[in-house]
Amino acid sequence: MPESSLRVFSLNVNGELRKVKAAADTPLLWILRDELQLTGTKYGCGVGVCGACTVHENGSAVRSCQITVSSAAGRAFTTIEGLAAKTDQLHLHLHSCQQAWIDEDVAQCGFCQPGMIMEAAALLSKHSRPTDADIDSTMSHHVCRCGTYQRIRQAIHRAAEMQSAKPSTGTKTGAKTGGKS
Amino acid sequence: MKVTRRTFLRESSRAAAGLVVGFQLGIPGATSALAKSTRRAAISADPESAAEFAPNAFIRIGTDNVVRLWATRSEMGEGVRTVLPMVLADELGADWEKIVIEQAAMEPRFKGIRLRTSGSGSAAGTWRPLRKAAATAREMLISAAAGKWGVSAESCRAEQGSVVHTESGRHLTFGELADAASRMPVPASPKLKDKKDFHLIGTRVKRRDGQAIVSGSAVYGQDIHVPGMLHAVVARCPYLGGKLVSFDPAPAMKVEGVKYVVPVRSGFATGVAVVAVNNWAAIKGRAALLPVWNKGPNASFDSDTFTREMENALDQPGFALRRDGDAPAVLVASKKKMEALYEYPFQAHAPLETMNCTAHVREGSCEIWVPTQAPEAAQQDAAKLLGIPEDAVKVNVTLLGGGFGRRLQTDYVPEAVEISKAVGAPVQVMWTRDDDMKYGFFHPAKLERLRAGLDEQGLPVAWHHQSSGPHLSLLGPTAEEKKNPNYFADDGMLWGSFDNPYNFAHHWADYTLVESPVPTGPWRAVMYPSTVFARESFLDEIAHAGKLDPIELRLRLLQPGDMRDLKATMINRARLIAVLKTVAEKSGWATTQGSTSDLGSTTAPHEKSGRLWGRGVACNVYDGDCYLAMVAEVSVAKNLSDYKVERVASVIDCGLALNPLGLEAQTESAIAWGMTPVIGGKINFKNAQAQEHSFADFKVPRMSEAPRVETHIIQGADAPGGFGETAVPTVAPAIANAIFAATGKRVRRLPITAEKMRLA
Ligand code: FES
Ligand code: FES
């Protein structure tokens, strides 16, 4: 057996230091999904054109399919699973985008939405009140094959309102999904 | 639709005792008489008996008051996992918060029950059987309570998860009654509630999966993880109809993490699977492989050449679809005539979740986890491949990251099964985006030629619609069936030309089947997109030529607003008239667009913000069942360098709208879908290979292209119709008509590009 070409890399994911043994050119996307079982980050294209794999680095949206694990080593990332703040063992404070997504009933198949939400959250951290034009230019790098764009736009405006009303984060989970609107 | 004792199961093996009600409805093929009656039901489109095709709905009420409902359709964004609990809650009188939705799997328990999701039938097909199941459960719970209290059943009612004795106010929860209820006789014909007693149905209810989706915990096919699972990607023959000749596993095996390299004979095309400990190793291993392919008999297939073949075919004899009067003779005799040719290119489905399947083959059995619209076929395919009984194959349906018809095919299932068997471990086969784009069951390309003979006022008196192109390759007529010139008409096809709702004194439609090596299959709205694009564009051309308002023209051609019985389909013209009139009002049609204009062929375009603006209308009847009219508004750069769809207003009548919020969502979605072939979605074949790789070259609408969408619902009829596909077909013609209104440029070949606008 030839010597292993795999190396150990450490990176911070959702506030935890994680060590993974992987080929240096492995995209962060596959590290998250296959090694760390964080499957909320989706594979949609692998070539940077759909946005389904979007995660945060220092609050900015990045495409995990376009970052190799060797370059990701030593950096810190947040995935959709880490976007909501944990208040205790049982409860999460949903991020205002997550809550707004529920309130606007955005999701259809839902597959693109983790990536959309991560992008929108990053947008709102830079523009507290984005215009439609800001939203269009940022979100147009993402694909939603179910065409939920109109509701995404509304949800981003709603999240912006929620954030300006209550500067921290969103509301408690258990927030009724499936409730009447 | 008799309820037998057999349908009433007590699941004593479960930890919690409870009441389980299941419905065994007419399953086609169960007996020949039943099969015949179900077939008839389909033809007469009778909603009552059409439910005989419908699945069972399963309800389980636990002593813990939890009401479990097994969804018998796949959730792919249509909201079925929300709408079924609504129906259940209303008919049963259950507490909404206590309903848990589960996903039915192909396993013995659901044997003989339809789990396939197609034809926009998630709500329409399950509505009646689910209500009957719920009403049965309700009556048994009430009998149980009435028995305990020594009162009459009539004096009790079920609400909010309890049975209440109206007079005394005594009540028992469903959980408290579950055990007793399970011993009650099954009512032969449970009484369904009156519509006015519904609380949830018809209201705006949000998706129950919403929270799981936004927090990333919703489980799709690609998220399945089975202990010991390996990951595979497959190098498939890149040539349509080609074959694997040989391969050397060595270069792939050199990639660290690759465990096996095995041939694949089943599935979409023959190929080689690279099986590894993770996806990345499998992807790299495949890249290192250099399989030798035989290009097969279609090596020179080219879609541009094929378009010319389809054009030539228009003049060859085909299948007769409509034969009212003598359209060709009247056309020849007409002083005024018009003719136009429209093109709809090959389309990919490209759902955001690529095809994938996880299979675990064991000795004599197999378990599958798969995002599919067709779990029955998945089970059959796997059983056949393994040579084991169907009952030995369990198929778990995950959430689907989009279906759109692509997931009615199950080619990804035998692939995964074959590979799992070969390597003796659970295997997840993942398609890359490039795979998904190239190895599809594409929406067939079509050409549509329209001819009309006009009277003095410019109204069409003779109409001839000729279509040519491939049919859906897995459903096409056999050699024997091809000899029957009425093969398509007998089945009500082609949709869009056969069921053309307008009144013409002479009305013909034909279809010339042109075979291609491209695998084709249902794509959202199936046959309607190309036929309706042509039909509704051509009507617009006739309207403008005759200086008639396009809505007014349609209204006139729908007179006298009667029922049109086409045997295979029944068209209610009054409902189409109603949606057209409503869309005229809701879109403000008359405010900017007069019926005639001094600008000649362009009707009242206007300039705003330095761009040209115009509106276009289109309407359609989907399967005799769902009626829609749509107005699109576009703005076009003055130099024709670009256009934007600014707004789409639709009016939809699909019977009883169970959840208007969901219906609006589906309409928004269908509009984005219908825009794909307009703004640039097109699959080009060269040398028997699809040329597109990803969303970089298969252009789909994005946020910046998304119009403002307004959906208005006409709450009609007593039963829900399907609506997942309804809005797709009208999108392309409404936009093309709007572009014409704005610029006077008529583009008849999709996609509509700046270049085509300039050349028009
Ligand atoms: S998967 Fe990374 S952009 Fe599509
Ligand atoms: S919700 Fe299905 S892809 Fe966006």
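Small disclaimer: the values here were computed from a predicted structure and weren't measured. (Residues numbered from 1 in each chain as written. Chains lettered and ligands numbered in written order. Predicted model: local features only at pLDDT ≥ 70, side-chain atom pairs only at ≥ 80, totals over all residues. Heavy atoms only, no water.)

## Considerations on unusual backbone geometry
Residues and elements named next belong to chain B.
Move 1: Omega for the bond connecting Met493 with Leu494 falls within 30 degrees of zero, at -5 degrees, which places this linkage in the cis form.
Move 2: Along the chain, Leu494 falls in the loop between helix 15 (487–490) and strand 22 (506–513).
Move 3: A cis amide bond links Leu750 to the next residue, Pro751, at an omega of -5 degrees.
Move 4: Inspection of the secondary structure assignment puts Pro751 in the loop between helix 21 (728–743) and helix 22 (754–759).
Move 5: At Lys547, a residue that is not glycine, the phi angle is positive and equals roughly 55 degrees.
Move 6: Relative to the assigned elements, Lys547 resides in the loop between helix 16 (528–545) and helix 17 (550–557). (Helix = DSSP H or I, 4+ residues; strand = E, 2+ residues; numbered from the N terminus.)

## A short note on the confidence of the model for chain B
Move 1: Looking at chain B, the pLDDT average stands at 88 and 90% of residues meet or exceed 70.
Move 2: In this model residues 1–57 of chain B is a low-confidence stretch, pLDDT under 50, and it forms 114 contacts with partners more than four residues away in sequence or in other chains. (pLDDT = per-residue confidence, 0-100. Contact = heavy atoms within 4.5 Å.)

## Some details on the environment of Pro733 of chain B
Residue and element names in this part refer to chain B.
Move 1: Take Pro733: it is sitting in helix 21.
Move 2: Taking C-alpha positions, Pro733 is 4.7 Å from Phe533, a pair spaced 200 residues apart along the chain.
Move 3: Here Pro733 is in contact with Val532, Phe533, Glu536, Ser537 and Ala618, once residues within four sequence places are set aside.

## A look at the sheet that holds strand 16 (residues 356–362) of chain B
Residue and element names in this part refer to chain B.
Move 1: With mixed pairing, the 7 strands of this open sheet are ordered in space as 11-12-9-19-16-17-18. Single-partner strands in this sheet number two, and they are strand 11 (258–264) and strand 18 (393–397). Strand after strand, the sheet turns through a mean of 20 degrees between neighbouring axes, direction not considered.
Move 2: Where strand 9 (residues 230–236) and strand 19 (residues 427–430) come together, 3 bridges link them in parallel fashion. (Pairing = 2+ DSSP bridges. Axes fitted to C-alpha atoms, helices over the stretch in contact; angles between N-to-C directions.)

## Here's the deal with helix 6 (residues 149–165) of chain A
Move 1: Over its 17 residues, helix 6 of chain A runs 24 Å from end to end, which matches the ideal 24 Å to within 8%, given 1.5 Å per residue.
Move 2: Considered for burial, the residues of helix 6 of chain A that qualify are Tyr149, Gln150, Arg151, Ile152, Arg153, Ala155, Ile156, Ala159, Ala160 and Gln163 of chain A.
Move 3: Buried residues in helix 6 of chain A make contact with helix 3 (96–103), helix 4 (113–126) and helix 5 (132–139) of chain A together with helix 20 (660–679) and strand 31 (708–713) of chain B. (Expected span 1.5 Å × (residues − 1). Buried < 20%, exposed > 50% of the residue type's maximum accessible area, 1.4 Å probe, protein only.)

## A look at helix 13 (residues 412–423) of chain B
Residues and elements named next belong to chain B.
Move 1: Look at helix 13: 17 Å from first C-alpha to last across 12 residues, which is about the 16 Å you get at 1.5 Å a residue.
Move 2: The element helix 13 is extensively covered by neighbouring structure, given that 10 of its 12 residues are classed as buried.
Move 3: All of the buried residues in helix 13 are Tyr412, Val413, Pro414, Glu415, Ala416, Val417, Glu418, Ile419, Ser420 and Val423.
Move 4: Looking one or two residues past helix 13, Gly424 carries a phi angle of roughly 65 degrees, positive in sign.

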